[in-house]
Amino acid sequence: MSERLHHSCHAMPEILAKRLTLNATQRFQPAWLQLTKGGSDILTVGGAWQHYFDVSPRLGTDVSEACEVLLGMLPLVDDFELSQIQLVDGQYTDVIALCDHDSDWLLFCDVSEETEKFQKYQQISNDLLLLQGQHQRTLNRYVGSEVVRRDAEGGLSIKAKGERRVISTLFTDIRGFTPFNESQDAQVVIETLNEYMTCMLDPILNQAGMIDKITGDGAMAVFGVLDSEHGCIDDAFVAGKQILKAVQTLNEQRQKQGLEQLGVGVGIASGEAVLGMLGTHHRRCFTAIGPHVNRAARLESNAPAGDILLDRDSYLALHQPIDCLPMSLNLKGIGDTCVYVWHHKKTNT
Amino acid sequence: MIQKKICVLGAAGVGKTSLIAQFVYSKFSEKYLSSMGVKIDRKIVQLESQQVNLMIWDIHGEEKFKKITSSYFRGASGVIMVADGTRPDTLSVAQNIFQRVEQDVGNIPSVWLLNKVDLEDQWCMSEGVVKQLNEKYVSVYQSSAKTGENVEQTFFNIAENMLNV
Ligand SMILES: Nc1nc2c(ncn2[C@@H]2O[C@H](COP(=O)(O)OP(=O)(O)OP(=O)(O)O)[C@@H](O)[C@H]2O)c(=O)[nH]1
Ligand SMILES: [Mg+2]
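Before going into details, it helps to say that this report is about the structure given with it. Just so we're clear, the structure is a prediction, and the values are computed from it rather than from any experiment.

**Some thoughts on the overall build of chain A**
On a plain count of helices and strands, chain A comes out with 9 helices and 13 strands. When each of the 349 residues of chain A is scored for burial, the buried share is 49%. Partitioning the intrachain contacts of chain A with sequence separation of at least 6 by distance along the chain shows that 61% fall at a separation of at least 24. Total accessible area on chain A is roughly 17800 Å²; 53% of this is exposed by carbon and sulfur atoms.

Here is the structure:
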C-alpha cells in the first residue's frame, strides 16, 4: 500500500505541485481529486486520500457526495481556497480548488499541526479581549456614575456649551505592562491590572480629581473641575504622590508573595482648557480640550517608574515648595521642554 | 431532502460556537475555546411545509489581524450575524463582515443576534441601537446561548427565509 501511495505522490500533477510549493506554510499528506471540466464528476484520485476519506471516492460519481463542504460551490468556476476545515476527527484540512484547461482539481492538505500551534496564541489574545471588555465596562461605569453623581449634587459647575478654565491634567500608566501581558495567563493579567488600577484611581478620586479616560493600563484625570479647597495643581500633585506610594505598598506585598512587581509613572501639566459636557442626561460625559493635555500625556510617557514629571506651569503654580530636579527633555511632537522631576523615595513613606 | 448552507459570523468570543452547540446538542459551556478555521455541523429542521437539512458553518471570529476570508461564504444561502450585547464594538465588526458577504454572495437572508442577553448587568446595547437594527434588518433577536433564549427561533427563522427566497 505504501508503495502505491509513494508512487502516486510522485505523480502529483504539476499544477498541484506548484501550488504546494507556493505556500510558505507546511502542508502535509496531500491528496487530490481530478474533476471533469465544468462538471463535478471524479476522474482520478491521488495521494493520501485515506487521510481524508473513509472510503475511496468513487470514480465517475459526483464529488459532492464524497465532499460535502463543497455544497453550493459546484461546478467550480474559479480558483479558491477553504482553509482550516475541521474534520470529524478534529484534524484541520485546507481544501484548494484549481481550474485547469481541461479538468478541475481539488487538493487536500493536512494543516492540523500549524493550526493547533496557532490556536494557543489566539486563545490567549481572545481570553484577554473578553476579560478586558469586562474590566473596561466596570471602570467606565465607575467613571460615568461619578460624573452623573457630582452633576446631580451640583458639584459640577460646567456649562454644557463649554467653558474655559485653568485645570491640571494627570496621566498615569503602568510601566512594562505589555511584555508582562504577553507572558501570563489572561486571568492573572486582569487581576494584577485591577490591583494596580485601584492604586491609581483611588488617590485621584480622593483629591477631587475626575477620571476622564481609562486607557488599557492607565488613566487620564483632570483636577480643577470638581470643587476643592486646594488649587488644582496641588491636588494633582498630591494625587500623583499618593499613587506612587500606593504602588510601592502594593509592590512590597507582591514581593513577599513572590509575585512580579510593576512600576507606575506619572505626568502632570496645567493650562487653560475648554470644558464641556457631552451627551444626554443618562450618559453624560465630560471632556477637556487644551494644549496642555497632550503635554501631560507626553510627560507621562517619559516618566520612569516611581517618578512624577511636571511641566513648568504646574511647577510654578504649586503653593507648597517641592523638592525636584529641573531638566530639559525633547518631547515628541512638542520639542525641547523644561520639565521638573519629582522622585518617589522609599524613605518617604 | 433540501440542503442549505448557513454561515455563523461575528467577532471573536461573541458566542457563535455556543449558539450552535445549544441548537444542535442542547449544550452550553462557560469555558471558552476559541475556534480556528471552520467547523461544520448539521441539523435537520422540520418546517411546516417541509424538512430542511441545515449545514451550519461555525467560522472563526473576525480579528484585527485575522480577517475572515470570503471563500467561506461561497454557496451560503443564509447568514447568522452575531454580536455580543455586552461589548458594543462587536456590532460594528458584524456589520463590517456583512458588507463583505453582500459584496460576495449578494442579497441573502440574514438573522441578527445580540447575544448574551442573560448577562443583564453587563448589557451595553441601548434601546436606540436595537431600534436602529430593527429598522435595518428584518430579523433581529436578543439571544442567549446559555439559557437558550431565541436560539431555536433563530435557526427556524433563517430556514424559513432561505426557502422563501
Ligand atoms: N453568559 C453567556 N455567556 C455566553 C453566551 N454565549 C457565549 N458565552 C460565553 O462566551 C465565551 C465565548 O463563546 P464562544 O461560543 O466560544 O464564542 P465564539 O464566537 O465562537 O468565539 P470564536 O470562536 O473565538 O470567534 C464562552 O466563554 C461562552 O461560555 C451567552 O449567551 N451568555
Ligand atoms: Mg467559536
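**Notes on the overall build of chain B**
Helix and strand counts for chain B stand at 4 helices and 6 strands. Reading the secondary structure of chain B in the N-to-C direction produces β-α-β-β-β-α-β-α-β-α. Counting across all 165 residues of chain B, residues that qualify as buried make up 56%. Within chain B, contacts between residues at least 6 apart in sequence are counted, and of these 71% link residues at least 24 apart.

**Details of the site of ligand 1**
Neighbouring ligand 1 are 24 residues, the closest being B:Ser18, B:Ser29, B:Glu30, B:Tyr32 and B:Asp118. Nearby residues place ligand 1 at the junction of chains A and B. In this structure, B:Gly15 approaches ligand 1 through a main-chain N or O atom, which is 2.9 Å from an oxygen atom. At 2.5 Å from an oxygen atom of ligand 1 is found a side-chain nitrogen or oxygen belonging to B:Ser18.

**Considering the packing of helix 6 (residues 186-206) of chain A against helix 7 (residues 232-256) of chain A**
All names here are of chain A. Relative to each other, helix 6 and helix 7 sit at 150°, their axes nearing to 7 Å. Relative to helix 7, the element helix 6 lies roughly antiparallel. Regarding helix 6 and helix 7, the two cross each other, and that crossing is right-handed. Only Ala239, Gln242, Ile243, Ala246, Val247, Leu250, Asn251 and Arg254 of helix 7 make contact with helix 6, whose side of the interface consists of Thr192, Glu195, Tyr196, Cys199, Met200, Pro203 and Ile204. Residue composition of the contact of helix 6 with helix 7, by class: 10 nonpolar, 3 polar and 2 charged.

**A look at the nonpolar core**
Grouped together as the largest cluster of nonpolar side chains are 48 residues, with contacts concentrated most on A:Leu106, A:Phe108, B:Leu9, B:Trp57 and B:Trp112. Setting aside residues no more than four positions away along its own chain, B:Leu9 makes contact with B:Lys16, B:Ile59, B:Ile68, B:Phe73, B:Val79, B:Ile80, B:Met81, B:Val82, B:Ile97 and B:Val101.

**What to know about the interface of chain B and chain A**
With 31 residues of chain B in contact, the opposing surface of chain A contributes 29 residues. Around 2500 Å² of area is buried between chain B and chain A when both sides are counted, 53% of it from carbon and sulfur atoms. It is B:Tyr32, B:Met36 and B:Arg74 that lose the most area in chain B upon contact with chain A, and together they represent 27% of the buried surface on that side. The closest approach of N and O atoms between B:Arg74 and A:Asp78, which form a salt bridge, is 2.9 Å. For the pair chain B and chain A, the number of links is 15 residue pairs in polar contact (both at pLDDT 80 or more). Per element, the largest residue contribution to the side of chain B that touches chain A is 4 residues, and it comes from strand 2 (residues 38-46) of chain B. For the side of chain B that touches chain A, a count of residues per class yields 11 nonpolar, 9 polar and 11 charged. Two elements, strand 3 (residues 80-86) of chain A and strand 2 of chain B, share 2 bridges in a ladder whose sense is parallel.

**So, the coordination of the magnesium ion (ligand 2)**
Residues and elements named next belong to chain B. The magnesium ion (ligand 2) binds to the protein through Thr17 (OG1) and Ser35 (OG), with metal-donor distances spanning 2.0 to 2.1 Å. Note that Thr17 is positioned in helix 1 (residues 16-25) and Ser35 in the loop between helix 1 and strand 2, a separation of 18 residues in sequence. Note on Thr17: relative accessible area 35%, which makes it partly exposed.

**Brief notes about the sheet that holds strand 4 (residues 92-99) of chain A**
Hydrogen bonds between backbone atoms are what pair the strands of a sheet, whose relative direction is either parallel or antiparallel. The 11 strands lie next to each other as 2(A)-1(A)-5(A)-4(A)-3(A)-2(B)-3(B)-1(B)-4(B)-5(B)-6(B), forming an open sheet whose pairing is mixed. On the outer flanks of this sheet lie strand 2 (42-47) of chain A together with strand 6 (139-142) of chain B, each paired with one strand and no other. Averaged over all adjacent pairs, the angle separating strand axes in this sheet is 25°, with direction ignored. Along the sheet face, helix 4 (residues 151-163) of chain B touches strand 1 (2-10), strand 2, strand 3 (51-59), strand 4 (78-84), strand 5 (110-115) and strand 6 of chain B and points at about 125° away from the line of strand 1 of chain B.

**With respect to the packing of helix 1 of chain B against helix 4 of chain B**
All names here are of chain B. Between helix 1 and helix 4, the least distance of the axes is 9 Å, while the angle of their chain directions is 85°. With respect to their mutual orientation, helix 1 and helix 4 come out roughly perpendicular. The residues of helix 4 that touch helix 1, namely those facing Leu19, Ile20, Gln22 and Phe23, are Val151, Glu152, Phe155 and Phe156. For the contact of helix 1 with helix 4, the class distribution of residues is 6 nonpolar, 1 polar and 1 charged.

**Overview of a nonpolar patch on the surface**
All names here are of chain B. Taken together, the side chains of Met1, Ile2 and Ile44 define a hydrophobic patch exposed on the protein surface, amounting to about 280 Å² of accessible area. Looking at the secondary structure, you find Ile2 in strand 1. For Ile2, a relative accessible area of 32% translates into the label partly exposed.

**Concerning helix 2 (residues 89-105) of chain B**
With 17 residues, helix 2 of chain B should reach 24 Å at 1.5 Å per residue; the first-to-last C-alpha distance of 25 Å fits that figure. If you check which residues of helix 2 of chain B are buried, you get B:Thr90, B:Leu91, B:Ala94, B:Ile97, B:Phe98, B:Arg100 and B:Val101.

**Quick word on the packing of aromatic side chains**
This structure, assessed with the given rule, holds 9 aromatic pairs over all chains. Measuring from centroid to centroid gives 5.7 Å for A:Tyr52 and A:Phe108, while their planes differ by 35°, and the two rings are tilted. With A:Tyr52 in the loop between strand 2 and helix 3 (63-66) and A:Phe108 in strand 5 (residues 103-110), this residue pair connects regions lying 56 residues apart in the sequence. No difference in accessibility class separates A:Tyr52 from A:Phe108, as the two residues are buried. An angle of 5° between the planes, with centres 4.0 Å apart, marks the rings of B:Phe23 and B:Phe155 as stacked. With B:Phe23 in helix 1 and B:Phe155 in helix 4, the pair connects residues that are 132 residues apart, well separated along the chain. In this pair, the class of B:Phe23 matches that of B:Phe155, namely buried. Three or more aromatic residues link up through ring pairs in this structure, and these residues are A:Tyr52, A:Phe53 and A:Phe108. The positively charged end of B:Lys5 is found above the aromatic ring belonging to B:Trp57, 3.4 Å away from the centroid.

About the cut-offs
Residues numbered from 1 in each chain as written. Chains lettered and ligands numbered in written order. Predicted model: local features only at pLDDT ≥ 70, side-chain atom pairs only at ≥ 80, totals over all residues. Heavy atoms only, no water. Helix = DSSP H or I, 4+ residues; strand = E, 2+ residues; numbered from the N terminus. Buried < 20%, exposed > 50% of the residue type's maximum accessible area, 1.4 Å probe, protein only. Contact = heavy atoms within 4.5 Å. Areas by Shrake-Rupley, 256 points an atom, 1.4 Å probe, with all protein chains shown as cover. Near = heavy atom within 4 Å. Polar contact = N/O pair within 3.5 Å; in protein donor to acceptor, adjacent residues only side chain to side chain. Axes fitted to C-alpha atoms, helices over the stretch in contact; angles between N-to-C directions. Parallel < 35°, antiparallel > 145°, perpendicular 65-115°, else oblique. Left-handed = near helix turned anticlockwise from the far one by under 90°. Nonpolar A, V, L, I, M, F, W, Y, C, P; charged D, E, K, R; others polar. Core = buried A, V, L, I, M, F, W, Y, C linked by side-chain atoms within 4.5 Å. Buried area = accessible area lost by both parts, 1.4 Å probe. Salt bridge = Lys/Arg side-chain N within 4 Å of Asp/Glu carboxyl O. Pairing = 2+ DSSP bridges. Donors = N, O, S within 2.8 Å, 3.2 Å for Na, K, Ca; no water. Patch = residues over 30% accessible without salt bridge, like charges linked within 9 Å, V, L, I, M, F, W, Y side chains within 5 Å. Expected span 1.5 Å × (residues − 1). Phe/Tyr/Trp six-rings, centres within 6.5 Å; stacked < 30°, edge-to-face > 60°. Lys NZ or Arg CZ within 6 Å of the ring centre and 35° of its normal.

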